[in-house]
Structure formats: C-alpha cells, structure tokens
Number of protein chains: 4
Amino acid sequence: MSEETKPRRRQARGERRIAQLLQAAANVFCAYGYTATSTNAIAREASVSPGTLYQYFPNKEAIAIELGERLLNEMREAHGQAFTPANLGLPLPELLDVVVDPMIAFNCEHPVFLALMHGSDVPGRIAEEHDALHANLLNRVQEVIAHYAPELSVEDRTRIADMTFAIFKGGLQLILAAPEGAERDAAITELKTVLLRYLSPLTGEPLTTLPNR
Amino acid sequence: MSEETKPRRRQARGERRIAQLLQAAANVFCAYGYTATSTNAIAREASVSPGTLYQYFPNKEAIAIELGERLLNEMREAHGQAFTPANLGLPLPELLDVVVDPMIAFNCEHPVFLALMHGSDVPGRIAEEHDALHANLLNRVQEVIAHYAPELSVEDRTRIADMTFAIFKGGLQLILAAPEGAERDAAITELKTVLLRYLSPLTGEPLTTLPNR
Amino acid sequence: MSEETKPRRRQARGERRIAQLLQAAANVFCAYGYTATSTNAIAREASVSPGTLYQYFPNKEAIAIELGERLLNEMREAHGQAFTPANLGLPLPELLDVVVDPMIAFNCEHPVFLALMHGSDVPGRIAEEHDALHANLLNRVQEVIAHYAPELSVEDRTRIADMTFAIFKGGLQLILAAPEGAERDAAITELKTVLLRYLSPLTGEPLTTLPNR
Amino acid sequence: MSEETKPRRRQARGERRIAQLLQAAANVFCAYGYTATSTNAIAREASVSPGTLYQYFPNKEAIAIELGERLLNEMREAHGQAFTPANLGLPLPELLDVVVDPMIAFNCEHPVFLALMHGSDVPGRIAEEHDALHANLLNRVQEVIAHYAPELSVEDRTRIADMTFAIFKGGLQLILAAPEGAERDAAITELKTVLLRYLSPLTGEPLTTLPNR
DNA sequence: GATGAATGAGGATTCATTCAT
DNA sequence: TATGAATGAATCCTCATTCAT
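Each chain has its residues counted from 1, running along the sequence as written. Working convention: letters from A go to chains and numbers from 1 go to ligands, in the order in which they are written. Totals for whole chains, interfaces and linings use all residues, but because this is a predicted model, local features are given only for residues with pLDDT of at least 70 and pairs of side-chain atoms are given and counted only at 80 or more. Side-chain descriptors were evaluated using all non-hydrogen atoms of the structure, hydrogens and water having been removed beforehand.

### What to know about the domain arrangement of chain A
Residue and element names in this part refer to chain A.
Okay, step 1: For chain A, the assigned domains are domain 1 (1–57) and domain 2 (61–213).
Okay, step 2: Here, a salt bridge means any Lys or Arg side-chain nitrogen found within 4 Å of an Asp or Glu carboxyl oxygen. Our count for the domain 1 to domain 2 interface comes out at one salt bridge.
Okay, step 3: A salt bridge links Arg70 to Glu15; the nearest nitrogen and oxygen atoms lie 3.3 Å apart.
Okay, step 4: Polar contacts, as counted here, are pairs of nitrogen or oxygen atoms within 3.5 Å of one another; within protein the pair requires one atom able to donate a hydrogen and one able to accept it, and residues that are adjacent in sequence qualify only if both atoms are side-chain atoms. Applying the counting criterion to the domain 1 and domain 2 interface returns two residue pairs in polar contact (both at pLDDT 80 or more).
Okay, step 5: Secondary structure elements are taken from DSSP: a helix is a run of H or I of four residues or more, a strand is a run of E of two residues or more, and numbering for both begins at the N terminus. Looking at which element gives the most residues to the side of domain 1 that touches domain 2, the answer is helix α1 (residues 2–32), with seven residues.
Okay, step 6: Amino acid classes used here: Ala, Val, Leu, Ile, Met, Phe, Trp, Tyr, Cys and Pro are nonpolar; Asp, Glu, Lys and Arg are charged; the rest, including Gly, are polar. Grouping the constituent residues of the side of domain 1 that touches domain 2 by class yields ten nonpolar, two polar and one charged. The split of the chain into domains comes from an automatic or database domain assignment.

### Points about the pattern of salt bridges
Residues and elements named next belong to chain B.
Okay, step 1: For the structure on display, the rule yields 24 salt bridges over all chains.
Okay, step 2: Lys192 is the salt-bridge partner of Asp97, the closest N and O atoms lying 2.9 Å from each other. Highlighted residues: Asp97 in helix α6 (residues 92–109) and Lys192 in helix α10 (residues 182–203), separated in sequence by 95 residues.
Okay, step 3: Exposure categories follow from relative accessible area, calculated using a 1.4 Å probe and restricted to protein chains: below 20% of the type maximum is buried, above 50% is exposed, and the middle band is partly exposed. Judged by relative accessible area, which is 35%, Asp97 ranks as partly exposed.

### Quick look at the packing of aromatic side chains
Residue and element names in this part refer to chain A.
Okay, step 1: Each pair of aromatic rings taken from Phe, Tyr and Trp, with Trp reduced to its six-membered ring, is defined by centres within 6.5 Å and is described as stacked if the planes are under 30 degrees apart, edge-to-face if over 60, and tilted in the remaining cases. Taken as a whole, this structure holds eight aromatic pairs over all chains when the rule is applied.
Okay, step 2: Geometrically, the ring pair formed by Phe106 and Phe113 is edge-to-face, given 5.5 Å between the ring centres and 85° between the ring planes.
Okay, step 3: Taking relative accessible area as the criterion, Phe106 reaches 2% and is therefore assigned buried.
Okay, step 4: Only when the NZ atom of a Lys or the CZ atom of an Arg is both within 6 Å of the ring centre and within 35 degrees of the ring normal do we say a charge sits over the ring. A cation over an aromatic ring shows up here: Lys60 above the ring of Tyr34, its NZ or CZ 4.8 Å from the ring centre.

### Topic: the relation of the copies chain A and chain B
Okay, step 1: Superposing chain A onto chain B takes a rotation of 178° combined with a translation of 0.1 Å along the rotation axis, leaving an RMSD of 0.5 Å. Taken together, the rotation angle and the small translation identify this as a two-fold axis.
Okay, step 2: In this description, contact between two residues means that some pair of their heavy atoms is separated by no more than 4.5 Å. Interface overlap between copies: 100% of the residues of chain A at the interface are likewise at the interface in chain B, consistent with a symmetric, same-surface contact. Superposition of the copies was done by least squares, using only C-alpha atoms of residues whose pLDDT is at least 70 in both.

Following this line, the structure appears as structure tokens:
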C-alpha cells in the first residue's frame, strides 16, 4: 500500500503546489504583465521560496505556458459543449447567449487569460501557445459561420471569424474593466448587440429592427 | 553667419539623432514591448552607443513618452480635422470613411502607436499619457454619437463610445496583422461594416440592408 | 528543534555575511575612500558576488551607514565608560590617559572610522551620521572642560572643545600612520603631551614644567 | 613681430584658459571632492566645452596635479620668506605670527588646498604631490625646531615637527569652517595658543603663564 | 521536497575621453 | 582652437536560476 499511497500523496501535494504557484503567477501577471513579473515575486505571492518554484517549473516561460494550457483546458472543459449540433440550430440571438455568456464568465473568473492572450510583451513560445488557442477558437467560430452562411468563400468566412473574434476580445476588455454589477451587465449586453448586428445579415433573416436601447 | 549656421546645424543633427532614436525605439517596442526593451537594444537598433542615447533622453520612460507625444501630435496634425462640423453632417457611411480611413492609415504607418496604446505592460507616466489620449479620442466619438442620437443618456452614449472604440482597436489589430494589399483592404472594409451595422440603428435611418458581401 | 535551529543557523550565516561584507567595505573604503569605492569592489574584496552584497544591503550608502553605526556602537560599548564622574575627578594627565588611550586603541583597530569621519567626500545621509557622532563627542569634551573650568563662557568652551577634538583627530592620523611599536607609542605620548600642555592652564594648577622629553 | 606677438598672445590666451579651468576645478573639488567631481562639471563651471578642457589637460588627474603645483608655488612665492634667518631669531610668539598668519591667509584664499591635501580620496600621483609638499613644509618646521632646540635627536625633532604640522592642519580646518569675522579670528588665536603651549617648552624660556583667555 | 543564500549575466545609467566639424 | 556629439567601459543594481543545507 505504502508503495502506492505515498507517491500518490506526493503527487497530490505536488499538484497542489503547482496550482498554488500558477494561481500566484496569474495574480502577478495580471497586475504587472509577464515581462515585469519576477519569478521571485511569483514565489513570494505563493508564499514559497524561489527554489521551490524551480522544483516545479524549469523557468519563467514554462509557468506562463503551463498557465495558458491549464486555462485553455479548463475553458474547453467548462464551455466546450457550447458548440454542439443542437446549439448550432438555434437562432443567432440565442446562440450568442449560449456561446458568449460562458466565455465571458470564464474570463471574468480568470482575467489572466486575456492578459496572456493579448500580452504584447510575451516572448516566443508563449505567443505560439496563444496562437494555437487562437486558431482553435477561430475554427469554432468559422464552423458556426459556415453553418449560418454556407455559401461564403473560405476567405470571407475567415475574415468574418477573425473580426468576430477581434470584436469579442475588445468587448471582453471593456467588460472586465467595468465594475461588477449593472455596469458590467450593460457592457455584456452591448457586446452581444454588436455581434448580433454584425452577424445577423449572414443569417438571411431580417434584423427585426432592434432600437438601440 | 557662422555664429548661427553652426548651432543650427548642430540642432539639426540633434533633431536627426532624436528622430533616429525614436524610430529605433518604435521598432524595438513593437517587436518586444516596452518593458522587455532595453535601452541598449534601442541604441543598438539606432547604431549608436548607449551614451549617445542618454545624451538625448534622461531615461527609458522619457523615450516612450516623447515617442507617444510625437505620434499624438502627428496624428492630430494629419487627421485632426476629421471631426469638423461639416463632416458631422455626413451620413454615417461617409462619416466612417472620413474618420476611420485616416486613423487606419496613421496606424499602419506607425504601428508602435497601437503597441504603446494597449501595452498592458507600460508603467507609470506612460500609462497616464495613454489614458489622456484615450479619453480625448473617446470624447470625440461621444460627440459624434451625441450628434446622431442626441436623445441618448450620458451612460448609454459613454458605453456606445467605449464599445465603438474597442471595436476599432480590435479591428485595427486585425488590419495591421494583415499583409498590405487586398487582404488588408478587405479587413478595413470589414471593420467599417462592423461599425456601420453597430451604429446605424442610432441614426434612425433604415439600414438599407447590405448583404454581407 | 529543527524549526528553530535552522533559522537560527541561517541567521548566524547571514550575520557572518554582513560582518564579512562590512569588513570588506571597511578595507576598501580605507584604501580608496567612499566615493571611489565601487560596490563590485566591495563584493570582490569579500569574495562574494555583487548580487549577494545586495541581498544584505540595499545600496552603497547603506553599507557605509551600517558600518558607521556598528563602529559607533562598538566604540560606545568598549569605551563609553571613560567619561564617568569618577574619572572626571582625576587630575588632567590621568584623565587624558583614561580618555585618550581607549579612543586611540579603538581607532587603531578600526582605521575606517577615521576614514569615514573626516571623509571629505561622503555625501548625504552618511555625513549626517558623522555630524551626529561628532556632536556627541564634542559634547563630552565640553563637559570635561566645564568640569575643569566652570567659569568659561559657552563660546570659549565650545572653541576649546573644537580645538581639542581637532588636535585629537590630527594626532590620531599621525598615530595611525606610524608603524606599530615604539614609533606609534611615541606618537601617542606626543599627542598626550600636546593635549596636556594645551589644556592644563584650564585647571589652574601650575604645569610643573615638564621638559620636552 | 607677428612671428612673436601672435604666439605670445596665443600663449597668453592659453594661460588664461588654464587659469580659468583650474579655478573652476578648484571650486568644484571644494564642493564635491576630487572623485565625485566630473570633468564635465569642471568644464561647465569654466563655461567651456569638455573638448576644450582636454586641449589643456590630458586627464582629470593632471588637473588636480597642476592645481596643486600652482598652489604650492603661489604659497612659496607669497610666503616663502617667512623662514628667513631674521625671523628665526624671533621669540616664539612672534615667530608663530610671522609663520602661521600667512599660511592661514593663504588657505583662506585657497580652500582647495586643504581639500586636496587631506583628500582621503585622491588617487595615486596626486597623493605623491601632496607628500612632496608635505615633506617640504615639514623640513622647514624641523629647521625652526632645530634652531630653538638644537640638542634634540632627529627622531624627536621629526616627531615634534609632524605633530606641529598635524595640529596646524587640524586647526586650519576649524578656521576654515568658522564664518569669517570674529569667530574665525578667535579660532586663529586659539590655534596659535595651542602651538605656543606645545612648543614653548622647547625654547627653555618659561611660559610666562598665560591664562587661558 | 523545501529553503533561501549565492550566483553572475544583464540592464539602466554615468562619465572620462575622443573626434568630426 | 573651440565645440559638443559620440564613445564605451565601468557603475549601481536586478533577477532568472542554481545549490548547499
């Protein structure tokens, strides 16, 4: 028993440490950005010595990468089912709710995600990570678009997906900047409005003219 | 004459140096972000010794600030007249052209601008600069919105301006990422489409249903 | 136990490091003066990396300040009892022995002290430190003088104390410059002779004409 | 004529420049010490470009050396005649006046002198200069002592001369620190008192007991 | 595993000195 | 000669990373 239990416990402890470190890293990255964050600061935030940090990560970049991967997985796990066949059949407004809401919720819970995503300062391999994530998300958006407007050329579809995503990221920043509560809710609604107005012409259905407010 | 020519020449040389250094800084900031950029790297990019850099700027921050100010001035000079009373009278699509095109052109010519603007990593006084600029631009957008939809509450107007600006920044990144040529032009058109669809309901006029392409 | 022993050991090591660094600083300050001493030189003298130095001191000034404080304390501890009421009752020659000898011994052991004291080059806060010490010592000298010649005006007393101290510092330099042994001893005697001849008229007692040698 | 006049004028101009630079150097050395003084600061104080400074001096050290030499010469010229046979015959109090007064006057006019003399921070060759000067002055003092007390051993004479000089330097600092006027005069008198009391036993004559004030 | 001291290369900045004008 | 811009080695100091305990 002890041959298995003990290691397992070790691993469990290790996992806790890693989670703790990643959480700390997330906090500090959020506050100061990747480049300006020192590994010592992360260790301090995690109430851990620098040596311990390096027992779990080979270097600073690895922390950001692992953090990104975990966030990505969590996002997939929690909200991956948004793009189900069933949902694809929904009218656009409903689809937007189904897809956008969990994304926003996730980002509100994990503001590092956005910080890492558009971090103009992240170097090399981290950026690649982001690109991978980016491509992945874009693919999904493209699928949705393809479903609503199958006649579009690949280029058009790509461009629309890119723009949709860009809008989403821009709106997300606004939402995160807004204080929680009515203001943030209004920002969320606004983002949906933008997306709806932008995308509804794709559906063929008329845009049962919503007044602006 | 030589009492005047020489200093003038000196000053000219100094101005050239400053321009050269700022250009170098712009390049390196673009590539690596403000924080990750070393003054030595800037000097190297400018083919100049570190000492020379410090003959013209007291520190790294000052470079970014001066760069920001120059860009801002240039932007004002070149495109400040976009928001004239005459233009405010234009129908939305034309207004978008008049306002958005020069902004895009400017940013294509000076990609640092965006890099500095949304630099999640810029500290202290630089961030203030940006905030000032940001506020300034938002004000103008609000004025336009107020002109088209005077009945909106301040909150609504603010939110719409914020969102418009966010969309613009998002689109801009897309545009800058696109290779010059047809692709970039398409991206530009797409951004205008988004803005038009988002904002036209404000004007009261029906959105003479543009098909998506 | 290990919860206490380890930190204690750590602290002990830290204290040793600090002592080592201060000793190194003392050496280099002595040799080149405060301003001309680089932190890297101190680290090198201490056979330590620059980073280590900065783990214990925030900057060069702090090293000099801490060094000064420690010396001061040590001086107080070791020789503070020189100015006791009992001693004040002694005849001048004995008083000089009691007061001057330990001072000289201390300065022979810690030549930095003098280096820092009269450092014409020390800036800012260090100079303040020195002034405080200076004032303190002067006060004591004044007290002694007041004891021997209570009728003196404050101005006279101050001036005599200043001069006594100046003579002492000048003699000290001579003493430190002399090679240990007979020569140094002779220098010490000489300093006492000066002080005695200078101050004995204050005591009223006749100066039972000592021949010069 | 022009073959001679022009060069002479040039030389005259050069001399003026040098004097101007040395004066500037003196000022800045006084204020900040040798090490902390930058050549640029000297040039600025002299209202001259750094290049010009280096047209007249090969490096920073040379400035200090030249300054020292000039001061030394000036001192010799102005006050060298203090040690004349005639003066050596004077009773000690008068001799002190004759010798000490011009020295003090000189140092009051040229406070750099002292600054350079005891500069704990001056490097290499400058210190040698000082040593030369030092030796020179000490010799003179020894001569005087030998005149008053011919029976003293060389060692005794040397020591007394050293001490006399040390006292003098210490007193000088006090004098320079005192504000011009009554206070400075009192300090001067005090210094003479010290020297008189210290040296009069050498003369054999009784010290017609001066009260301390 | 955990600790935190130690390392040393690197970054910002200064300054003695040189050089084109 | 005078200028002041240019240089680059040297400072002070930080931080990613390693290592003895």
